[in-house]
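# Close look at the chain arrangement
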Amino acid sequence: MKWQKRGLIFDPTNHHLDFECTDYAQSPQTVVYDEFVRVYFSTRSKDESNKFVSRIAFVDYNKDFAEIIGHSKKEVIPLGEIGCFDEHGIFPINPLRYENKIIAFTCGWSRRVSVPVETSIGFAFSEDNGVTFKKVGNGPVLTSSLKEPMLVGDAFVQVYDGIFHMWYIYGKRWLKAIDNEPEARVYKIAHATSKDGIGWIKEEGDQIIEDRIDINECQALPTVIRIENRYHMFFCYRYATDFRQNPNRSYRLGCAYSDDLQSWRRDDANKGIDISHSGWDSEMMCYPHLFEAFGKIYLLYNGNVFGKYGFGLAELETL
């Protein structure tokens, strides 16, 4: 692949829009309309206890992404009730057009005591063409299980030949804190299928993307697109420890391809995009999203500090 970077297109710390988004714009994901593209993302604020929560917002772009023409003006989707899996945040949200409707798969998170967080995947639908979403229920549609004991999240769903395919992550282990570092999590990419988007069949505990760093490589945010008869996946990966302040161990983009949706070949060397020499994506690239709009294929992604300074866009030039 060869990508042309279009640069940073949204910075939550420097905009003139009238909505509550001043800190982080993480995991941008799209719905394409006839005349514009809506980009959903997760932003941060603080609750009454002065702790961070994650909420969903969106901005609308014209066809060539040169101008923001709209944005969310009310709560897109509420956080969970007390004790629920998404009580403290939704990050990310994966919207999907399906049978003239817009549905969404959410990664809800809640705080824990022995470790910082736990996650599961929820399901929601929109009755107003993607402005707001309602949850089907207070619980998740995909969560921890016998061989996937923790941290199930980051769903990305496509429908191929009438079957829902979900790529997601699950936790393998938590690493204990060492030398003043906080606890570190290890997670991998997996696959599940469904006939209706609610009842899912996991390929229980099967890691579908091989490790490149070591067995503690962390893999996140898979995104898949079909181009002709081949399926292409982008994702991000990093070291399990010392990744927040050390750019050499922080998130990078990886890629893989499949001809049958069963076996995937990792092919990072041919992804065609990498960190810049300077600027907003010079230390980290993470949370990718592949999509097609108006005859072109694009890649949205976050840069340094896990999306604190927003998201950028790249356009596929050659495959």
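Quick note: structure is the one above.
Everything in this summary refers to the structure shown in the same document. (Residues numbered from 1 in each chain as written. Predicted model: local features only at pLDDT ≥ 70, side-chain atom pairs only at ≥ 80, totals over all residues. Heavy atoms only, no water.)

## Looking at the overall build of the protein
- If you tally the helices and strands in the protein, you get 1 helix and 20 strands.
- Over its C-alpha atoms the protein spans a radius of gyration of 18 Å, differing by no more than 12% from the 20 Å that the globule rule assigns to 319 residues.
- Viewed in the frame of its principal axes, the protein has a C-alpha envelope of about 50 × 45 × 45 Å.
- By residue count, 55% of the 319 residues in the protein fall in the buried class.
- The long-range share in the protein, meaning contacts at least 24 apart out of those at least 6 apart in sequence, stands at 53%.
- Looking at the protein as shown, the accessible area adds up to about 14,700 Å², and 46% of this sits on carbon and sulfur atoms. (Helix = DSSP H or I, 4+ residues; strand = E, 2+ residues; numbered from the N terminus. Rg over C-alpha atoms; globule rule 2.2 N^0.38 Å. Buried < 20%, exposed > 50% of the residue type's maximum accessible area, 1.4 Å probe, protein only. Contact = heavy atoms within 4.5 Å. Areas by Shrake-Rupley, 256 points an atom, 1.4 Å probe, with all protein chains shown as cover.)

## Looking at the sheet that holds strand S20 (residues 311-318)
- Read across the sheet, 4 strands follow the order S1-S20-S19-S18 without closing on themselves; strand pairing throughout is antiparallel. In this open sheet, the two strands that pair with only one neighbour each are strand S1 (2-10) and strand S18 (286-293). Ignoring which end each strand starts from, the neighbouring axes of this sheet average 25° apart.
- Bridging between S1 and S20 involves 7 bridges; their strand directions are antiparallel. Bridge pairing in S20 places Trp 3 opposite Leu 316. (Pairing = 2+ DSSP bridges. Axes fitted to C-alpha atoms, helices over the stretch in contact; angles between N-to-C directions.)

## A short note on the side chain of Thr 30
- Relative to the helices and strands, Thr 30 is located in strand S2 (residues 26-32).
- Classification of Thr 30 by relative accessible area gives buried; the value is 8%.
- Within the local environment of Thr 30, its side chain forms a polar contact with the side chain of His 289, the two groups lying 2.9 Å apart.
- In contact with Thr 30, not counting residues within four places along its chain, are Val 37, Arg 38, Val 39, Pro 95, His 289, Phe 291 and Leu 300. (Polar contact = N/O pair within 3.5 Å; in protein donor to acceptor, adjacent residues only side chain to side chain.)

## Thoughts on the pattern of salt bridges
- One pass over the full model with this rule turns up 18 salt bridges.
- The residue Arg 111 makes a salt bridge to Asp 47 at a minimum N-O spacing of 3.1 Å. Here Asp 47 lies in the loop between strand S3 (37-46) and strand S4 (52-61) and Arg 111 lies in strand S7 (residues 101-111), a separation of 64 residues in the sequence.
- A salt bridge links Glu 315 to Lys 296; its shortest N-O distance comes to 3.7 Å. Of the two residues, Glu 315 sits in strand S20 while Lys 296 sits in strand S19 (residues 296-302), which places them 19 residues apart along the sequence.
- The exposure class assigned to Lys 296 is partly exposed, which follows from its relative accessible area of 38%.
- Each of Arg 6, Lys 296 and Glu 315 takes part in a single network of salt bridges with overlapping partners. (Salt bridge = Lys/Arg side-chain N within 4 Å of Asp/Glu carboxyl O.)

## Structural notes on the pairing of S20
- For S20, the buried fraction is high: 6 of the 8 residues fall into the buried class.
- Pairing between S19 and S20: 5 bridges, direction antiparallel. Its bridge partner being in S20, Tyr 298 is matched across the sheet by Glu 315.

## A closer look at the nonpolar core
- One finds Trp 3, Trp 167, Met 233, Tyr 251, Trp 264, Ile 273 and Leu 299 to be the most contacted residues of the largest nonpolar core, which totals 50 residues.
- Apart from residues lying up to four places away in sequence, Tyr 251 is in contact with Tyr 187, Cys 218, Ala 220, Cys 236, Tyr 237, Arg 238, Met 284, Met 285, Cys 286, Tyr 287 and Phe 306.
- Of all hydrophobic cores here, the second largest spans 18 residues; its members include Phe 19, Val 37, Val 39 and Leu 300. (Core = buried A, V, L, I, M, F, W, Y, C linked by side-chain atoms within 4.5 Å.)

## Brief notes about the environment of Asp 267
- You can see Asp 267 is positioned in the loop between strand S17 (265-266) and S18.
- Excluding its chain neighbours within four sequence positions, the residues that come into contact with Asp 267 are Cys 255, Ala 256 and Tyr 257.

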